[in-house]
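Single-letter residue listing:
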Amino acid sequence: MLYIHIPFCKSRCIYCDFYSTTCGSDVQKAYLEALCREMELRRDYLGLNHELSSVYIGGGTPSLLGVESLNHIFSAISGHWSLASDAEVTLEVNPDDVSPDYAQSLTRLPVNRVSMGVQSFNDEMLRFLRRRHTAAQVHSAIRNLLDAGITNLSIDLIYGLPGQTLDDWQSDLDQAFALPISHLSAYALSYEQGTALYRLREQGKVKEADEELSLSQYRMLMERAAVAGFLHYEISNFALPCLQARHNSGYWSGKHYLGLGPAAHSYNGISRQWNNPDLREYIHRFEDGAAANCGSNSEYSEELTPGMRREETILTQLRRAEGIDLSAFSENFGEQECEALLTRAIPYINNGTLVLNEVACNSFGEPNNQHEREKFLSLTKKGLFVSDDIISSLF
Ligand code: SF4
């Protein structure tokens with residue numbers, strides 16, 4: 001799995017803590033050169049002759065790059081790796097970038113999935129969040145992508161917005177599920193330190209949404225998604241059958257991945273590496289001459305102890321409807337650790353927030369009878385509402 005970070009945005013949304021800058025196109029050119037050098041230096045990170053099962057171009061705003069720049073990136077990728085015949089290749093886009101011509105130009109790339117940051121269909125909310133687009137632009141962007149033949153579409157929404165009522169959220173969900181999308185990611189608004197939104201709350205200018213209301217919005221999300229035929233396959237993710245995000249599912253199941261670009265993380269099963277979130281430093285690091293000295297590693301690395309890997313497995317796998325694969329858990333961390341996990345799980349199994357399944361579930365509470373496997377420990381629908389507490393109690 002390969003992740004490429006495009007650290008450019010036209011402007012900053014008030015809630016966002018992803019690394020990006022508002023630098024111009026001169027810096028973009030230098031960035032692409034640096035990115036290609038990092039790619040070359042780290043090509044063997046996932047093993048020799050590795051075949052990529054997924055590529056995710058995220059950001060930032062990858063759709064700020066013209067098709068020539070994206071083509072440059074994909075040519076570099078194909079120079080180092082082969083893509084699996086069924087590889088998922090996702091590009092993140094902002095609605096206001098997706099003109100008919102832009103959508104058409106994407107068909108010249110290996111992109112077969114588009115993920116669009118919609119966040120809301122309410123223009124007032126979009127302005128509050130400092131998004132650059134309007135709800136009307138979302139509809140045009142989707143139409144342009146469909147006209148170009150790009151049909152595997154995912155959108156992101158945010159709930160728990162200040163002042164957002166249950167009716168407002170219902171309207172967002174109605175509009176989302178009326179679109180020909182195959183995937184929906186929906187997140188509760190979070191107040192991350194260092195963001196403008198965080199400062200506004202500190203200054204008393206923004207009031208956080210009531211927790212009960214956010215929970216009702218989450219409940220409504222689950223109900224509306226089920227009616228629309230979407231599987232609830234991860235705490236914040238919903239998909240039509242067989243169209244779950246394979247790249248993100250890889251993160252949640254502990255697959256190895258290489259992340260390129262400033263702030264990008266990589267994982268090889270033993271350690272986690274990451275690059276400093278600093279574009280100019282990154283470009284300098286991979287400039288001609290400098291690149292020869294920086295080797296094939298990221299700037300930072302953290303060796304994961306078995307305890308850290310165990311906690312990470314619990315944290316990420318329990319987010320999936322499938323839950324924790326207990327036979328793999330036992331194989332990786334030992335029978336004793338698996339027994340200890342099950343002992344810690346007993347109170348939650350007894351109060352109906354966790355369940356032991358004989359088979360892996362496709363959607364929370366719905367066993368998947370087609371893939372009989374060993375036992376799985378997963379959250380129930382009731383457990384989804386207290387998942388943070390449960391997960392930390394299982395560490
Ligand atoms: S939410 Fe997306 S578009 Fe907005 S600042 Fe963050 S990365 Fe950029």
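Residues numbered from 1 in each chain as written. Predicted model: local features only at pLDDT ≥ 70, side-chain atom pairs only at ≥ 80, totals over all residues.

**Q** Explain the domain arrangement of the protein to me, please; I cannot follow it from the model alone.
**A** Reports often express the size of an interface as the amount of accessible area lost when the parts come together. For the protein, the domain assignment lists domain 1 (2-252) and domain 2 (306-394). Counting from both sides, the interface comprises 8 residues of domain 1 and, opposite them, 11 residues of domain 2. At the level of elements, β7 (231-234) and α9 (246-252) are the ones that each hand at least two residues to the side of domain 1 that touches domain 2. Here the element with the most residues in the side of domain 1 that touches domain 2 is β7; it accounts for 4 residues. (Domains from an automatic or database assignment. Contact = placed C-beta atoms within 7 Å. Helix = DSSP H or I, 4+ residues; strand = E, 2+ residues; numbered from the N terminus.)

**Q** Would you mind going over the environment of Ile-158 with me for this structure?
**A** Along the chain, the position of Ile-158 falls in strand β5 (residues 153-159). Classification of Ile-158 by C-beta neighbours within 10 Å gives buried; the count is 23. C-alpha separation for the pair Ile-158 and Ala-188, spaced 30 residues apart in sequence, amounts to 5.6 Å. Contacts of Ile-158, omitting those with residues within four sequence positions, involve Gln-119, Ser-120, Tyr-187 and Leu-189. (Buried ≥ 20, exposed ≤ 12 C-beta atoms within 10 Å, placed from the backbone.)

**Q** Looking at this structure, how should I read the site of the ligand?
**A** For the ligand, the full set of nearby residues is Cys-9, Arg-12, Cys-13, Cys-16, Phe-18, Ser-20, Gly-59, Gly-60, Thr-61, Asn-94 and Gly-117. For the shell around the ligand, the class distribution of residues is 4 nonpolar, 6 polar and 1 charged. (Near = placed C-beta within 6 Å. Nonpolar A, V, L, I, M, F, W, Y, C, P; charged D, E, K, R; others polar.)

**Q** Explain the pairing of strand β4 (residues 113-119) here, please?
**A** Side-chain direction in a regular strand flips from residue to residue, so the side chains alternate between the two faces of the sheet. The buried count for β4 comes to 7 of 7 residues, which makes it a mostly enclosed element. A two-sided burial pattern is seen for β4, the buried positions comprising Arg-113, Ser-115, Gly-117 and Gln-119 on one face and Val-114, Met-116 and Val-118 on the other. Sheet topology note: the strand β3 (residues 82-93)/β4 ladder contains 4 bridges and is parallel. The residue bridging Val-93 from the neighbouring strand is Met-116, located in β4. Two strands pair when backbone bridges link them, and β4 and β5 are joined in this way by 5 bridges, in the parallel orientation. Bridge pairing in β5 places Met-116 opposite Ile-155. (Pairing = 2+ DSSP bridges.)

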